[in-house]
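Structural overview
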Amino acid sequence: MKLRGKLILLESVISLIFFLALVMSVNMLTRGLQFNDFQNESLNLMTQTRKIQQDCEGLIYLSNITLEESDKILSDITDLSLVLTRMYSHKSMHYYPRIFNENLLALRNEWQSIEGEFNGVQSKKDYEDYLSNLPDDINVQTNLFQFSQKLQQQSSVNEWETMVIDLEDRISSFIGDVIWLNRSVYNFQGEAASAIEKARFVRLKRIIIFNFFMVLLSVIIIFTYRSKLLNMIQFIIKALDEVASGDLSARLRIYSKDEFGKLSRDFNTVVEILWSKLETVQNILEDVGKSISNEINLERVEKAIIYLAKKNSSADGVAMYTVKVGDILKLKHVIGEFRPPFQVGEDDLPQGNIKTSENLIDSFKGALIPLEGNSLGLTAKSGDALFWKDAQKHTLNPRNSDHPYFFSSIINLPLRVGNRVLGVLSLIKHGQNDSFSDLEFTNMLSFGELAAISIDNLLKYQEMLEVYELNREIDIAADIQKDLLPQQIPHLNGVDLSMLSRTLRGINGDFYDAYLLNNNKLLVVICEVAGKGVPAALVIIMLKTILKLVASPEKDAGRIISELNLNITEKIKIENIASMSLMIIDNQKDVISYGSAGHEPLLIYNIEKDQIEKVQPKGIPVGLDKNAIYENKEIPLEKGQVYIQFTDGIPEARDRNDNVYGFQGIERVVKQHCQLNTEKIKTEILENLHYFQRDTKQWDDQTLFVMKTKGGTV
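Residues numbered from 1 in each chain as written. Predicted model: local features only at pLDDT ≥ 70, side-chain atom pairs only at ≥ 80, totals over all residues. Heavy atoms only, no water.

Details of the overall build of the protein chain
For the protein chain, the count of helices and strands is 16 helices and 16 strands. Each of the 714 residues in the protein chain was classed as buried or not, and the buried ones make up 48%. Here the contacts in the protein chain between residues at least 6 apart in sequence split such that 69% fall between residues at least 24 apart. Summed over all atoms, the accessible surface of the protein chain reaches about 36300 Å², with 52% contributed by carbon and sulfur. (Helix = DSSP H or I, 4+ residues; strand = E, 2+ residues; numbered from the N terminus. Buried < 20%, exposed > 50% of the residue type's maximum accessible area, 1.4 Å probe, protein only. Contact = heavy atoms within 4.5 Å. Areas by Shrake-Rupley, 256 points an atom, 1.4 Å probe, with all protein chains shown as cover.)

Quick word on the environment of Gln-392
Among the secondary structure elements, Gln-392 is positioned in the loop between β4 (386-388) and β5 (409-417). In this structure Gln-392 comes out as partly exposed when scored by relative accessible area, which is 37%. Distance from Gln-392 to Phe-407, taken between C-alpha atoms, is 8.2 Å for residues 15 residues apart in sequence.

What about the pattern of salt bridges?
The final tally for this structure, using the stated rule, is 13 salt bridges. Across the salt bridge formed by Lys-429 and Asp-434, the nearest N and O atoms sit 3.2 Å from each other. Residue Lys-429 is classed as buried on the basis of its relative accessible area, which comes to 4%. With relative accessibility at 28%, the residue Asp-434 sits in the partly exposed group. Lys-682 is paired through a salt bridge with Glu-679; the nearest N and O atoms lie 3.1 Å apart. Here Glu-679 and Lys-682 lie together in helix α16 (residues 678-692), a separation of three residues that amounts to about one turn. Classification of Glu-679 as partly exposed rests on a relative accessible area of 42%. Overlapping salt bridges, with partners in common, bring together Lys-555, Arg-559 and Glu-563 in one network. (Salt bridge = Lys/Arg side-chain N within 4 Å of Asp/Glu carboxyl O.)

Some details on a nonpolar patch on the surface
Residues Phe-18, Val-215, Val-219, Ile-222 and Phe-223 make up a contiguous nonpolar surface patch of roughly 420 Å² in combined accessible area. In terms of residues, the nonpolar patch owes the most to one element, helix α6 (residues 158-244), which gives four residues. (Patch = residues over 30% accessible without salt bridge, like charges linked within 9 Å, V, L, I, M, F, W, Y side chains within 5 Å.)

Considerations on the sheet that holds strand β16 (residues 702-709)
Within the open sheet, the five strands sit side by side as β7-β16-β15-β12-β13. Their pairing is antiparallel. Looking along the sheet, the strands with just one partner apiece sit at the ends: β7 (495-502) and β13 (611-615). Geometrically, the sheet is characterised by an average inter-axis angle of 15 degrees between neighbouring strands, direction not taken into account. With eight bridges joining them, β7 and β16 adopt antiparallel strand pairing. Paired with Met-499 across the bridge in β16 is Phe-705. Relative to the sheet, helix α15 (residues 662-672) contacts β12 (602-606), β13 and β15 (641-646), its axis offset from that of β15 by approximately 150 degrees. Its contacts with the sheet put α16 on β7 and β16, and the angle it makes with β7 is roughly 30 degrees. (Pairing = 2+ DSSP bridges. Axes fitted to C-alpha atoms, helices over the stretch in contact; angles between N-to-C directions.)

A few points about the side chain of Ser-501
Here Ser-501 is to be found in strand β7. Of the residues examined, Ser-501 reaches a relative accessible area of 19% and is grouped as buried.

Considering the packing of helix α13 (residues 533-550) against helix α14 (residues 557-568)
Between α13 and α14, the least distance of the axes is 9 Å, while the angle of their chain directions is 130 degrees. Taken as axis vectors, α13 and α14 run oblique relative to one another. Crossing of α13 against α14: the hand is right-handed. Only Ile-560, Glu-563, Leu-564, Asn-567 and Ile-568 of α14 make contact with α13, whose side of the interface consists of Met-542, Leu-543, Ile-546, Leu-547 and Val-550. Tallied by class, the residues present in the contact of α13 with α14 amount to eight nonpolar, one polar and one charged. (Parallel < 35°, antiparallel > 145°, perpendicular 65-115°, else oblique. Left-handed = near helix turned anticlockwise from the far one by under 90°. Nonpolar A, V, L, I, M, F, W, Y, C, P; charged D, E, K, R; others polar.)

Thoughts on the packing of aromatic side chains
For the structure shown, the criterion picks out four aromatic pairs. Both rings, one in Phe-387 and one in Phe-441, keep their centres 4.9 Å apart while their planes meet at 15 degrees; by these two values the pair is stacked. Here the residue Phe-387 occupies a position in strand β4, and Phe-441 occupies one in helix α11 (residues 438-466), the gap between them amounting to 54 residues. Residue class for Phe-441 comes out buried when judged on its relative accessible area of 18%. Judged by centre distance (5.8 Å) and plane angle (50 degrees), the ring pair of Phe-646 and Phe-663 falls under tilted. In this pair, Phe-646 sits in strand β15 while Phe-663 sits in helix α15, placing the two residues 17 residues apart along the sequence. Assessed through its relative accessible area of 0%, Phe-646 is described here as buried. One residue, Lys-429, lies across the ring of Phe-436, its end atom 5.6 Å from the ring centre. Over the aromatic face of Tyr-515 sits the side chain of Lys-548, whose NZ or CZ is 3.8 Å from the ring centroid. (Phe/Tyr/Trp six-rings, centres within 6.5 Å; stacked < 30°, edge-to-face > 60°. Lys NZ or Arg CZ within 6 Å of the ring centre and 35° of its normal.)

Describing helix α8 (residues 298-311)
Over its 14 residues, α8 extends 20 Å from the first C-alpha to the last, a length consistent with the 20 Å expected when each residue adds 1.5 Å. If you check which residues of α8 are buried, you get Leu-298, Val-301, Glu-302, Ala-304, Ile-305, Ile-306, Leu-308 and Ala-309. (Expected span 1.5 Å × (residues − 1).)

Some words on the side chain of Ser-408
When you line up the elements, Ser-408 lands in the loop between β4 and β5. Looking at Ser-408, the relative accessible area reads 4%, which means it is buried. In terms of polar contacts, Ser-408 uses its side chain to reach the backbone carbonyl oxygen of Asp-434, at 2.5 Å. Ignoring anything within four residues of it in the chain, the contact list for Ser-408 reads Lys-389, Asp-390, Ala-391, Lys-429, His-430, Gly-431 and Asp-434. (Polar contact = N/O pair within 3.5 Å; in protein donor to acceptor, adjacent residues only side chain to side chain.)

As structure tokens, then:
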């Protein structure tokens, strides 16, 4: 399920929980209203008993002799019975204690017996027929008590006296029972009020507890899902940090079907590609090193390049074309089921099955391919890479899927060094609806640049050995080194930089470079390779290449040197180990990250204090031990500081009396000219050194770096 679907499901569950809480609360509150209804019934019960008592008393003293009030009493008695019945069968009865239910049942039974007594009273209605035959002097429009008194004065109606007295006695007895019932109801009403309040409290407590647990359940669900999301995000951040620190063995293991699972798979794919790229670089460097250490074998390196190109892509076939004089292309190497991306004559079409790569070379090896009218020519002429994800959409590829040499997607990489194109590396896919991805194209771009540099270096070295012999060899190697040096020091706000390197012979054993890692970080490296000549120059090329791969803004100087040493050790000979110093100047944090591999110390001159400090982190030259650890020093960038770094060719320079120039010579010039800019400070040091060495020969290469902080903190 997608992440959006999971969030919708979570929202639905939370909404359902709150809806259930609302429904249950309303239901419980509705049940609470039944308590009020029951309480009203108990009050009504008490009212009815009082009313019956008053009616019976009125029958004796207030009502007329016709007993018309007895109908009203009968109605009130019926109402009282109904009230008791409703109370006993009320919905809220099961919420009250058992003893309460038993008391109500006993009250109901007592009332039923009292109600039976009144039936005897009610039968006296038949007396009205007798009363209508009484003499006229007997006034029946009077109360029962007065009527009884008159009967006692009339001897002719003595027979009625007994009846009236009996009726009076029955009513009086009934009134006594009703008075008792009234008291019982009064006591019961108090008991009912207490039971109702207790039931209300229990109901309110249940509502609170129920809603509390509903909210708690919602919080638990939310925090559980939140914790799961945060854990997955932490896994991703940790894996990214590991890769950023140079650990390409890091993998994400999130086995879900949502976006996190896809991100995990994509992340692992990218890391594997990066690992493959680094492995490819190492393989090319190893092949270049073997070709140089034994003999110049350009063909071996070229075959390794097309093999690695196919291995690191999904190409069905790869071919390498070289640019010949007269602006034509010629097929040199091919691997896999390659299809020529140019017009093919009828005689060159295969008969039956598609031709193998070997037959393809035989068919087109001698063919000269013009730069016009095909994708190879576009790449060779412009020097830019070409990527046709769907080759059928382009007019320069008119073949349809039925053509024997049909291809569905193509990548052409120029083997370019500077403005010169050495050849074209072509990768094709020929499956129907099969194409290269954008990620593959990006990966192959850097591969093509590395392949071009490797071939160019071999070509230059081969040319140096075969054509110009020793002197020309030195000049060409010097040109290679010159191309490796930065043409201009990058600008970094807050600091003034200047660098220079002077060689003893054409090929320099010293090397320096400076480039921005990001907008706020400048990497400066000064390196001195043991030995001289071409081997030292080639080691410098390897160092520069690997340094570009391992350096990143997140790493400090010590770590970068450690990773560089890990990759270069066992690839160079012991006589070509290198000392180096590496600085990362951060003008945002006002700090220098400084590491050293057996190099000369960094001199820091404080203008205000007129003091010079020497900083030299621990570390052995690179190439000796691949497990060596290099210390990192954090140096603050402060107002009024001059920073000087150099190779040992400067302090170890000697005069005609065999005296060394030493650190004192550098310090003396810096103190004297510290108010100048770095270009002039550098010039003053070199001129002073030149004067010191007058009439003597320079024995070592000399490289100098000068940096000065501009006013205030950087």
